[in-house]
Every structure is written in C-alpha cells, then in structure tokens.
Amino acid sequence: MTIDRQTMEVDIACVGFGPAMGGFLTTLSRELVDESGMPLLESRVMPGMPLQVLCYERADDISFGVSGVVTRGRSIRGTFTELNPADIPMAAPVTDEKVVYLLDPVGASRRSFGIKVVDKVVGLLSSGDHAFELPYIPPFLHKNDGMVLSIGQFTQWVGSQLMASGLVQVWPGMPVSEPLLEGDQVVGIRLADQGVNKDGSPAAGFMPGMDIRAPLTVVGDGPVGPVGQALDRHFGLPEDNHQREWAVGMKFVVELPENTTLKPGTVFHTIGFPEPEIFGFLYVYPDRVASLGIFVPSWFDSPIRTSYRYLQHWMMHPAIWQHLEGGTLRSWGAKTLQESGKRGEPFLVGDGFARIGEGSGSTNVLTGSGVDEAWATGVQLAEGVIELVKEGKPFSKENLDAAYLRRRRSSWVEQEAEQAKCARDGFQKGVLTGLIGMGLTGLTGGKINLSGEIKRPFDRIPTLQEYCSGRIAPEKVQEIQQGAVARGESLADAIMDELGWPQIPLDGQLLISQQDALLMGGKVQAPAGFRDHVVMLDPERCSGCSPQLCVEICSGQAITASEGGGIPQFDREKCIHCGACQWNCDKPRKGDAERTNVDFRAGAGGLHSAES
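Caption draft 1: Here's a closer look at the overall build of the chain. In terms of regular secondary structure, the chain is built from 19 helices and 30 strands. Dimensions of the chain along its principal axes, counting C-alpha atoms only, are 75 × 55 × 45 Å. In the chain, which comprises 612 residues, the proportion classed as buried is 59%. Relative to all contacts within the chain whose residues are 6 or more apart in sequence, the contacts with residues 24 or more apart total 75%. Of the accessible surface of the chain, which amounts to about 23800 Å², a share of 51% is contributed by carbon and sulfur atoms. Distance from the positive charge centre (55 side chains) to the negative charge centre (75 side chains) of the chain: 3 Å.

The structure is reproduced here in structure tokens:
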C-alpha cells in the first residue's frame, strides 16, 4: 500500500538526545550565529537563516530513561571550561573512590575453584562485613578529578541551554522509525506512524510519519536504536567487528538515611557478589542522595539471568546494606550497555550520515566509561560539520571521513579505545581470568592481553540442567521447569530459591517488588496509537523455548510467559525500553545469526524518571 507522507526539508536531522548529541548540538550551536545574531553557517533550505537543525528523541522528555555515572569528564570540561559541578543538579566532584571485593554471605553464589581460593585469602583480610577494600586502584580505573552525575539531570541541564538559545530544535516524544535510504545514501529519517494498531496496521486517526529530508543525518540513538540498527543491517559491520558483548545495567536512586557517613562524591565499585560475574556501583550525590546498581554481563552464563532480584541481594550485602538501611527509594531504571567497544564499531560515516556515541562503539571497555567518550564524539563531529559548511563541501562519505573521522582517529578517545579493544577477552574463560586480563591490558597500555573467543550470547548459554548440575537434582529441575511452563511463570525465582538464595524481606520502602518499582520508582508511559516496539519475529522459535531469557531478563516484567509455553506476551505499559530482551534471546534470527529472534523497533514513551 502506498502511503502519502508529508515531507519537511532541514539541513541536519538528528536522532536520539543523549550525551553524544548534547556534545554535538552544544558545539554546533555556538558557531551558528555571530554576536549580532547574523548567520555564520547559512542554511541551504532557508537561505539567509542559520543551519536548520532538528533533533528527535523517543522518550517523552530528554532526561528520561538514562543513568547515574562517574566520569573523568575531560571532554565535558573542555566544552564547559568554567564548569562547576554544583551548577548541575545531582552532580559532585569525586572525593573518595573505592574498589571492594564482596564475599558471599549467604552461600548461594556459583563460585569457581579459582574464586574460592580468592575468597579464602580475602576472608582472612575481611573486616567482618564479608568484604575487603582493595588497597590499590589501578590508574586506568581511577576517576581522578572526575565527577558523579545523574545523566538524566545532566542532559536536562544541557538541553535547557540549547532550547533557550533558539538555535536548534529538540523534539522529545517523537520516535524515528527508520533512515531514508536512496541506494547507499542516507537522505533523512522517517518518523514513526501514529494512529495505528499494535501490529502497525492503520487505525482510526491514522497519521503517517513525516519524512524529514536532510543533507546530513546524525545518528546517536544508542545501542538498540532503530536507525542505527537499520544502518547496521544495510551496511553490515567492518571486517572482524561484531557486537556480541552486552550488559544490563539496573539501578536505584535512593535517599540515604539521615545518619549516613557517606559524603558527596563517594564512589564504590564492587566485584564478587551476588555472582562473581556481576559488578556493582554506588555513587553519592549531594543532599544524601545516591545512585546504586549492578551490571549483568553477556558472559554471565546463566539461562535464568535476571537483574532485579540480583540487585536486591547486592543491596543486602552487609558491606552495602550498612549504608542503605533506613533509606528510601526515589527512582529506578535500567538500560542495556553495548560492551564490545572498539570491536563493536559500525561504519561511522557514509554519504549523508555520521554516527556518534555509544551506538558508534565509543565506550571504553577497560575503564568502564562511556559518557565522556560519547560527548567527545559529538564534539568531534560538530567541529567537522562546521569545517565542511564553511568550505561549502557536501556531506559525502569522503568529506565526513576527512572532517570527522580524522579528528576521532587522532583523539584520546580512539587511542584509549584501541588499547582497551581486547581488555575483556579473558572473561570468555572465566571471571578470574578476565580480571587478570583486564589488569594486564590496563597496566601495559593494551600491549598484553589474554585472548578468548568471543561467542554470541546464545551460543554460550547452558541448558537449565547444565547450569544446575551438582546443585539441584535433575528430576527436581525438570519438575520446576514443567510447572513454570504450565503456569506461564518466570523460572528465575523458583530456581534461585532452590539454589539457596534467601527470600527478599520486602519492606515497602527500599526492598520492594519489581512491580512496585514500576509505580514507586518511576512512571511508565506508553502512548496509544503506536505499534508495539518489541516483536518476536518467528513464533515457532519461541515454541518449546524454556527458560525464555527474554522473560527472565525483562527489566519491567513487560514480557511474560504464556501458560503452556509458546510465544511470550508483551505489555508495553510496563516496558522501560532497556532493550535487554533483544540481545538476551537465545534463538538466532533466521538469515542473520548475529541477531536474535527478538526485534526491538521504534517506540514512544518509556520510564519517566529524570533521576535514574
């Protein structure tokens, strides 16, 4: 069916508003007009006016659905040369940084022989709270002169300045469905259709998404953004590159108890618990507020990997709970992290497009940092665009190579990403090997690494029987599994109970159910009139799938099992748009073994929480 669509011409169309786009738009906007308001960079679509720059963001506000972070902030400080962290809500300079090894106080964690040896040694040094603070933080991990930020508050701070300038337009609540391609040239973007049924078919009030045509499309829609994914499908990835390493980051923002001893700027990094593969963090903001959470990586070989319950067990560890007890939940959220870094870099430029931020492979997988790196890539592209416009050159692949990639390839972002490229390969052979590998990479500047074949997540996930071998009798595993399938329930809780994990003592204040977190820690919005953005492509591949990892990992319990098995059910009223379902599915996609049977598409709404 041919659909008539309205068309709008702009000079630059941007997709996604995060740190990378903040860096791009801030840098570009400063060069659009002179002190008298006369154009310095003149528009081709509106002669006599400055460049017409529009940015479209899926979320209902530019600050929703993001995360707390600790960053060195080198590029951010380069943009805001007089920056005082106190000017940004919920920001503070780093004052104290610790790396803490957590022992298992409940005896339920799965620990290899090597980790048990480490536990024995650490146990002798522990102060009684089942934890040991490392006496030394390697320089590559230390956030010297850094700051803790709420990215929600930071992007809101940046966005308010951009909007006040009147020089660029940022439109939240406007999901982009796809790039406009003419051959291999990107000529703009298409906004998502509205007034459609959940399957995308026209309904009452159907309004086709507008085509925004532009000589340059800037793609910064993150690791699961539909525009970036479409470009990856069209162009493929550079030779030897892949995007097989991911993590789910789940976090709380809490008001600490009145008697807290934690000062603003305090940073904790933890390893060892609740499972050795899971990393934890705690960042303290001003006014007794802290952001805390865990990262569940793709190399955590569990067929029932979950995030929420593991987060609660991490919070209840004695070394952490002593700082949280008596606190209250303020907000909650989750997102996926593309952790292939430099190895996951797509084609960064082409005729009519350029990519920035996390979706461009900018995250440093050695230092575990990505916000400042993303900001830097946006600044580099903006400087390149300014150069090309001043010289009257088109946004061709050749010109973007020279103007943008030349800057990126010669920057600290590229140099450090190259050093970090193989930093996490050792985790393919185990946690201890991975930590040793990271240490070697960091201390030698990338000259020495431990190798390991990077498998696709669904190639390495064991069966439930294999995962429980030696801890739960096979017949008991089968009984639990059959019962859960028959009732249409998640397997994670039942298996974790059987493995010895204690029940969470819900207190209605800080330890709350996952569904209560959706109500107390944020508000999920799912505007009517858009198609469902999570789709199981081949129902046959869901048939007989158990455990269903898309169900187990779902941050908002938006994907639930069906009674008797079969295709899971999706409720977008609970979806926080983290994208975990897409890479956690253990069924490869027909015709594309690098992708899974779950497709994450353009969608509006998500979690309303400017703090998370």
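Caption draft 2: Looking closely at a nonpolar patch on the surface. On the surface, Phe113, Val117, Val121, Leu124 and Leu125 cluster together to form a nonpolar patch covering roughly 570 Å² of accessible area. Here valine 121 is to be found in helix α3 (residues 113-125).

Caption draft 3: Structural context of unusual backbone geometry. In this structure, proline 274 follows phenylalanine 273 across a cis peptide bond, with omega equal to 10 degrees. Looking at where proline 274 falls in the secondary structure, it is placed in the loop between β17 (266-271) and β18 (279-285). Note the cis peptide between serine 546 and proline 547, where omega equals -5 degrees. When you line up the elements, proline 547 lands in the loop between α17 (539-542) and α18 (549-553). A positive phi angle is found at aspartate 287, which is not glycine, with a value near 65 degrees. With respect to the element layout, aspartate 287 can be found in the loop between β18 and β19 (289-297).

Caption draft 4: Quick peek at the packing of helix α8 (residues 371-391) against helix α9 (residues 397-409). Packing of α8 against α9 leaves a shortest axis separation of 8 Å and a crossing angle of 145 degrees. In the packing of α8 onto α9, the handedness of the crossing is right-handed. Across the interface between the two elements, Thr377, Gln380, Leu381, Glu383, Gly384, Glu387 and Leu388 from α8 touch Asn399, Leu400, Ala403, Tyr404, Arg406, Arg407 and Arg408 from α9. Tallied by class, residues from the contact of α8 with α9 come to five nonpolar, four polar and five charged.

Caption draft 5: Spotlight on the sheet that holds strand β11 (residues 185-191). If you walk across this open sheet you meet the four strands as β1-β14-β11-β10, and the pairing is mixed. Two strands in the sheet have a free side with no partner beyond their single neighbour: β1 (7-9) and β10 (176-182). Ignoring which end each strand starts from, the neighbouring axes of this sheet average 30 degrees apart. Pairing geometry for β1 and strand β14 (residues 211-213), over three bridges, is parallel. Opposite threonine 7, over in β14, you have aspartate 211 as the bridge partner. Packed on one face of the sheet, helix α5 (residues 226-235) meets β10 and β11 and runs near 35 degrees to β10.

Caption draft 6: The arrangement of the pattern of salt bridges in detail. For the structure on display, the rule yields 37 salt bridges. Note that arginine 5 is salt-bridged to aspartate 193, the shortest N-O span being 2.7 Å. Within this pair, whereas arginine 5 is found in the segment before β1, its partner aspartate 193 is found in the loop between β11 and β12 (194-196), the two being separated by 188 residues in sequence. Take aspartate 193: its relative accessible area is 21%, and that puts it in the partly exposed class. The structure contains a network of salt bridges with shared partners spanning Lys342, Glu345, Arg409 and Glu414.

Caption draft 7: Examining the nonpolar core more closely. Phe252, Leu324 and Trp332 are the most contacted members of the largest nonpolar core, which totals 76 residues. If we ignore the near neighbours within four places in the chain, the residues touching phenylalanine 252 are Ala290, Ser291, Leu292, Tyr308, Leu311, Met315, Leu329, Ser331, Trp332 and Leu510. Grouped together as the second largest cluster of nonpolar side chains are 50 residues, Ala20, Ala91, Phe154 and Ile356 included.

Caption draft 8: Structural detail: the sheet that holds β18. Pairing within the open sheet is mixed, and its seven strands lie in the order β7-β6-β17-β18-β19-β16-β20. Unpaired on one side and paired on the other, β7 (131-133) and β20 (328-338) mark the two borders of the sheet. Each strand of the sheet is rotated relative to its neighbour by a mean of 20 degrees, with strand direction disregarded. Strand direction decides the pairing type here: strand β6 (residues 96-102) and β7, joined by three bridges, are antiparallel. Residue tyrosine 101 lies in a different strand from β7, and its bridge partner there is phenylalanine 132.

Caption draft 9: Structural detail: the side chain of aspartate 532. Turning to its location among the elements, aspartate 532 is positioned in the loop between β23 (523-525) and β24 (534-536). At 3.3 Å, the side chain of aspartate 532 and the side chain of arginine 572 are in polar contact. Every residue in contact with aspartate 532, bar those within four places of it in the chain, is listed here: Lys198, Phe570 and Arg572.

Caption draft 10: Representation of helix α11 (residues 431-443) in the model. Across its 13 residues, α11 extends 18 Å between first and last C-alpha, which sits within 8% of the 18 Å expected from 1.5 Å per residue. Along α11, the residues classified as buried are Val431, Gly434, Gly437, Met438, Thr441 and Gly442. The arc that holds the buried residues of α11, viewed along the axis, is 125 degrees, so those residues lie on one side. Buried positions along α11 lie against α3 and α10 (412-420). With its phi angle positive at about 65 degrees, glycine 445 sits one or two positions after the end of α11.

Caption draft 11: A look at the pairing of strand β28 (residues 592-596). In this sheet, β28 lies alongside strand β27 (residues 588-589) in antiparallel orientation, the contact comprising two bridges. Note on β28: the bridge partner recorded for arginine 589 is aspartate 592. The loop that links β27 with its antiparallel partner β28 comprises two residues; one of these, glycine 591, has a positive phi angle of about 85 degrees.

Caption draft 12: Layout of the pairing of strand β16 (residues 246-255). Within β16, nine of the 10 residues are buried, which leaves it mostly tucked inside the rest of the structure. As paired elements, β16 and β20 share 10 bridges and run antiparallel to each other. Looking at β20, one finds that methionine 250 is bridged to alanine 334. The pairing of β16 with β19 spans nine bridges and is antiparallel. Bridge pairing in β19 places lysine 251 opposite glycine 293.

Thresholds, definitions, all that
- Residues numbered from 1 in each chain as written.
- Predicted model: local features only at pLDDT ≥ 70, side-chain atom pairs only at ≥ 80, totals over all residues.
- Heavy atoms only, no water.
- Helix = DSSP H or I, 4+ residues; strand = E, 2+ residues; numbered from the N terminus.
- Buried < 20%, exposed > 50% of the residue type's maximum accessible area, 1.4 Å probe, protein only.
- Contact = heavy atoms within 4.5 Å.
- Areas by Shrake-Rupley, 256 points an atom, 1.4 Å probe, with all protein chains shown as cover.
- Lys, Arg positive; Asp, Glu negative; His and termini not counted.
- Charge placed at Lys NZ, Arg CZ, Asp CG, Glu CD.
- Patch = residues over 30% accessible without salt bridge, like charges linked within 9 Å, V, L, I, M, F, W, Y side chains within 5 Å.
- Salt bridge = Lys/Arg side-chain N within 4 Å of Asp/Glu carboxyl O.
- Axes fitted to C-alpha atoms, helices over the stretch in contact; angles between N-to-C directions.
- Left-handed = near helix turned anticlockwise from the far one by under 90°.
- Nonpolar A, V, L, I, M, F, W, Y, C, P; charged D, E, K, R; others polar.
- Pairing = 2+ DSSP bridges.
- Core = buried A, V, L, I, M, F, W, Y, C linked by side-chain atoms within 4.5 Å.
- Polar contact = N/O pair within 3.5 Å; in protein donor to acceptor, adjacent residues only side chain to side chain.
- Expected span 1.5 Å × (residues − 1).
- Arc of directions from axis to C-beta.

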